[in-house]
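Listed here are the chains, written in short residue letters.
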Amino acid sequence: MTEAVLETKKNAAMKLAGLARREANGEPDWLLDLRGKALDQFQVKGLPDRKVEAWRDTDLGRLKAMDFQSSTRESDFGGVERLEDLRFASLDCPRLVFVNGRFSTELSSDADSLGGVTLGGIAKQADANGSVRAHLGELSKWQDNAFDALNLAMFEDGALIEVQGGIEVEKPIHVVFVNLSNGQNGPFVVNPRVLVVAGESSKVSIIESHLGSGEGSYFSNAVTEIVTGDNATVDHYKVQLELESAVHISSLGSVQERDSNLRTTVITLGGGLVRNEINSVFAGEGGWSELNGLYLVDEDHHVDNFTRIGHEKAHCDSREMYRGILADSARAVFRGRIVVSEGAQQTDSKQTNNNLLLSDRALVNTKPQLEIYADDVKCTHGATVGQLDDDAVFYLQTRGISKEDARVMLIYAFAGEVVNRVGVERLREELDSHLLKWLPRCV
Amino acid sequence: MLEIRNLHVSAEGKEILRGIDLKVNPGEVHSIMGPNGSGKSTLAHVLSGREGYEITAGEVDFKGQDLLDMKPEERAREGVFLAFQYPVEIPGVNNTYFLRAALNAIRRHRGEEELDAMEFLRLARSKAKLLKMDQSLLSRPVNEGFSGGEKKRNEIFQMSILEPTLGILDETDSGLDIDALKIVSEGVNALRSPERAFVIVTHYQRLLEYIVPDFVHVLDRGRIVKSGDKTLALELEKRGYSWLREEAGEAQPVA
Ligand SMILES: Nc1ncnc2c1ncn2[C@@H]1O[C@H](COP(=O)(O)OP(=O)(O)OP(=O)(O)O)[C@@H](O)[C@H]1O
Ligand SMILES: [Mg+2]
């Protein structure tokens, strides 16, 4: 490593560490203590480089080049009307809104309106709520992952969704993170955070929207933690439409207790440099887990999806389906690790990653990684990288459909495999209209 | 309606069609027979506008227009329909959705009103019924997981909805059992009219008992080597193709 490179690497990490809040802000001691440890950890680790195996195919140059000015930034969004204009901000369900990391009471729904559900900012609840203390930082990998550590050290606020045992929440709960960049407040850092605790036999759907507004560059470093209790069902969506000058790095930590069901769908529509990491663990038998993903990447943007499913207990099923569409000179990376521990017999795991390249300059790097230490298991995986089927395009043309429409139809159908699994109708509709706007530009 | 003059076509440097002349008038049914690899599908594809072929000589006139100068979708909108020898499976694209988009593209081109989803469904159901096609196929992805026979029937179903002026059927009968063959033939015959013409590629005289052709042509090594009426098909069935080459003064047998 040359000295200059070493310098940049140090610089970015030091700048970020320097921005971490130090003042107590009325937080309880345990949290301050945790933050201190996380900051130390971040400083020890520094930002990863490509020599780290998990980061081999993703270069953080765009992030390291950001000259962070502050962690304080304008958060005056200017009212609900402007929010309604953002796609994926209004899905006709209760919502918690954060503008540049700060909770907005004005833009959020009434937090007390749902029976059996605690909804609100993590910061406010940190003292009183036992779940926050029990789980915050527990599922994310802050000891190993510098970005998780940075978030824990720095996060200003975040969404807490706690569902009591036996409660089935009828409407999805929507968490909206708006990152507002006016071109003068940049580059800044936000650390969105979500903690979901679903009690025994409860059922809840959660949508996270990460949305950019305005222009300019920023770094959003998001962490989500989900505890799915015994026999509980969580349907989680993360929709990301950041500005193209933004860097978005996210990490999801999930623990599933006995007989629980988790579905998490990661939809990547924006951002210049994106990394979504998932660490999902079966901590009890009889669990079902579905990891779905869709990424639309164009220009010279880079999207990396890195997932790890830990089958630590017997009789658990996992299904993973990620699909990507790449235009221009876009890059995508998919790493799907499935680790079946000794004793996790009767594991049934299936993983697919399919990629559609719309340009011969686009590139995908896809790699399944199975590590199996049990003998009675069923694990399959398959990855494809391909172009649109010319025969199918011609077939549609011979029926009178224009070449452009035929291509859109086929790409739309390819994405449909993931979109059709979205269980929230309003979200599916918004996705559809986004796709139909995005696709014609790429054919 | 269709006039092919001295058509020469190559693919990957190899000459496949070596001077085809064929004239098809409205109301006529022409059958094209010939050994494997003689160029029948190539002719059908070139008429539909498939990429990857080089037209080295000749011209094709369709209703007074230069057919070879048109995009595949323009040909379709002008009334050319190809029933594929091997229909393509299109995962994720719903049969009904796709066919309505196709029909409406053609109707727009003709200056007709588009059909809404309900109107189209009614039309599709009635046509499916005529072809004794399982209604469930309508809502499945195009050809995906269809049996060979279902795919062929789906081609004729599409043709009966799109109502082309020139139907080119490439071995639609291959792989059909006798019942399916009758149904498909009835579907084609129902479309026969003084304004409409068909070019039917087949290996089997059997089909021509149900769809009776006005002309039968034999394509061999890229050329039409003999033309006649429906009795030619019967003769071919009895004698095969080799006698045609002997007649032409060539000794070698056909592969
Ligand atoms: N795109 C192509 N590139 C190269 N060769 C081709 C191409 N298309 C067809 N051919 C060749 O041209 C010849 C004619 O093929 P074609 O499919 O037209 O025959 P056919 O008469 O339809 O045969 P069959 O009765 O078996 O369907 C064959 O030798 C085939 O391999
Ligand atoms: Mg053929």
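Residues numbered from 1 in each chain as written. Chains lettered and ligands numbered in written order. Predicted model: local features only at pLDDT ≥ 70, side-chain atom pairs only at ≥ 80, totals over all residues. Heavy atoms only, no water.

> So what's going on with the overall build of chain B? Residues and values would help.
Counting its secondary structure elements, chain B contains nine helices and ten strands. Computed over the C-alpha atoms, the radius of gyration of chain B is 18 Å, within 12% of the 18 Å expected from 2.2 N^0.38 for a compact globule of 255 residues. In terms of its C-alpha atoms, chain B occupies a principal-axis envelope of roughly 60 × 40 × 35 Å. Per-residue burial for chain B yields a buried fraction of 51% across its 255 residues. Put simply, 68% of the contacts in chain B that link residues at least 6 apart link residues at least 24 apart. Carbon together with sulfur atoms contributes 48% to the accessible area of chain B, which is approximately 11500 Å² in total. (Helix = DSSP H or I, 4+ residues; strand = E, 2+ residues; numbered from the N terminus. Rg over C-alpha atoms; globule rule 2.2 N^0.38 Å. Buried < 20%, exposed > 50% of the residue type's maximum accessible area, 1.4 Å probe, protein only. Contact = heavy atoms within 4.5 Å. Areas by Shrake-Rupley, 256 points an atom, 1.4 Å probe, with all protein chains shown as cover.)

> Give a description of the site of ligand 1 that names residues and reports values.
All names here are of chain B. Taken together, 16 residues form the shell around ligand 1, and within it Gly37, Lys40, Ser41, Thr42 and His203 come nearest. Contact distances for ligand 1 include 3.0 Å between an oxygen atom and a backbone N or O atom of Gly39. The separation between an oxygen atom of ligand 1 and a polar main-chain atom of Ser41 is 2.8 Å. A total of 630 Å² of accessible area belongs to ligand 1 in isolation, and the protein chains cover 69% of it. Of all the elements in the fold, those that place two or more residues in the shell around ligand 1 are β2 (14-24) and α1 (40-48). No other element matches α1, which puts three residues into the shell around ligand 1. The class makeup of the residues in the shell around ligand 1 is four nonpolar, eight polar and four charged. (Near = heavy atom within 4 Å. Polar contact = N/O pair within 3.5 Å; in protein donor to acceptor, adjacent residues only side chain to side chain. Nonpolar A, V, L, I, M, F, W, Y, C, P; charged D, E, K, R; others polar.)

> Run through the pairing of strand β4 (residues 159-163) of chain A, naming residues and quoting values.
Residue and element names in this part refer to chain A. Where burial is concerned, most of β4 is hidden: five out of the five residues are buried. The two faces of β4 match: Ala159, Ile161 and Val163 on one face and Leu160 and Glu162 on the other face are all buried. Direction of pairing for strand β3 (residues 117-121) relative to β4: antiparallel, over a ladder of five bridges. Across the sheet, residue Thr118 finds its bridge partner in β4, namely Glu162. Pairing analysis gives five bridges linking β4 to strand β7 (residues 193-198), with the strands arranged parallel. Bridge pairing in β7 places Glu162 opposite Val197. (Pairing = 2+ DSSP bridges.)

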